[in-house]
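Geometric and topological summary
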Amino acid sequence: MRSIWITNFENNEIRIENSWINGEKLFVNNELQDDRLSFLSSNLTGNLINKNGEKLSIKANISGFFKVDCRLFVDNRKLELTQTK
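Residues numbered from 1 in each chain as written. Predicted model: local features only at pLDDT ≥ 70, side-chain atom pairs only at ≥ 80, totals over all residues. Heavy atoms only, no water.

To continue, consider the nonpolar core. If you look at the biggest cluster of nonpolar residues, it comprises 18 residues, and the most contacted ones within it are Ile14, Ile16, Leu48, Ile58, Leu72 and Val74. Those elements that place two or more of their residues in this core are strand E1 (2-9), strand E2 (12-19), strand E3 (23-28), strand E5 (41-49), strand E6 (55-63) and strand E7 (69-74). Looking at this core, the element that brings in the most residues is E6, giving four residues. (Core = buried A, V, L, I, M, F, W, Y, C linked by side-chain atoms within 4.5 Å. Buried < 20%, exposed > 50% of the residue type's maximum accessible area, 1.4 Å probe, protein only. Helix = DSSP H or I, 4+ residues; strand = E, 2+ residues; numbered from the N terminus.)

Attention now moves to unusual backbone geometry. One non-glycine residue, Asn11, lies in the positive phi region at around 65 degrees. Along the chain, the position of Asn11 falls in the loop between E1 and E2. Within the chain, Asn30 stands out as a residue other than glycine whose phi angle is a positive 65 degrees. Within the secondary structure, Asn30 sits in the loop between E3 and strand E4 (31-36). Accessibility expressed as a relative area gives 56% for Asn30, which makes it exposed.

This next bit is on the packing of aromatic side chains. Scanning the entire structure with this criterion turns up zero aromatic pairs. Just above the ring of Phe27 sits the side chain of Arg15; from NZ or CZ to the centre is 4.1 Å. Just above the ring of Phe73 sits the side chain of Lys59; from NZ or CZ to the centre is 5.8 Å. (Phe/Tyr/Trp six-rings, centres within 6.5 Å; stacked < 30°, edge-to-face > 60°. Lys NZ or Arg CZ within 6 Å of the ring centre and 35° of its normal.)

The pairing of E1 with E2 spans eight bridges and is antiparallel. Within E2, the position partnered with Trp5 by the bridge is Ile16. Connecting E1 to the antiparallel partner E2 that follows it, the hairpin turn spans two residues, and Glu10 within it adopts a positive phi of roughly 50 degrees. Pairing of E1 with strand E9 (residues 82-83) involves two bridges; the strand directions are antiparallel. Each bridged residue has a counterpart across the sheet, and for Trp5 the counterpart in E9 is Gln83. (Pairing = 2+ DSSP bridges.)

Here we come to the sheet that holds E4. On the basis of which strands lie adjacent, the open sheet formed by five strands has the order E4-E3-E2-E1-E9 and antiparallel pairing. At either end of the open sheet lies a strand with only one pairing partner, and these are E4 and E9.

To continue, consider the environment of Asn22. With respect to the element layout, Asn22 can be found in the loop between E2 and E3. When the C-alpha atoms of Asn22 and Ile62 are compared, they prove to be 14 Å apart, with 40 residues separating the residues in sequence.

Structural measurements only, silent on function.
As structure tokens, this is what we get:
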């Protein structure tokens, strides 16, 4: 089972992937920021540069067993994600 979530924040594409075999991955503009292997839940972290040139923190949490869910925070603000797969 593979799940992918995507959003854009100030012209930065954030993509989170989850699969049983390859674990969880956080990408910002197609660059891998974090990679974890866990069974029921995972916390991923990274950074991006906003339109003012400031470095902002990214936190993503993936959890679930039968139905996997993902939550994303940029600079401690929750963003909406679109699940594409």
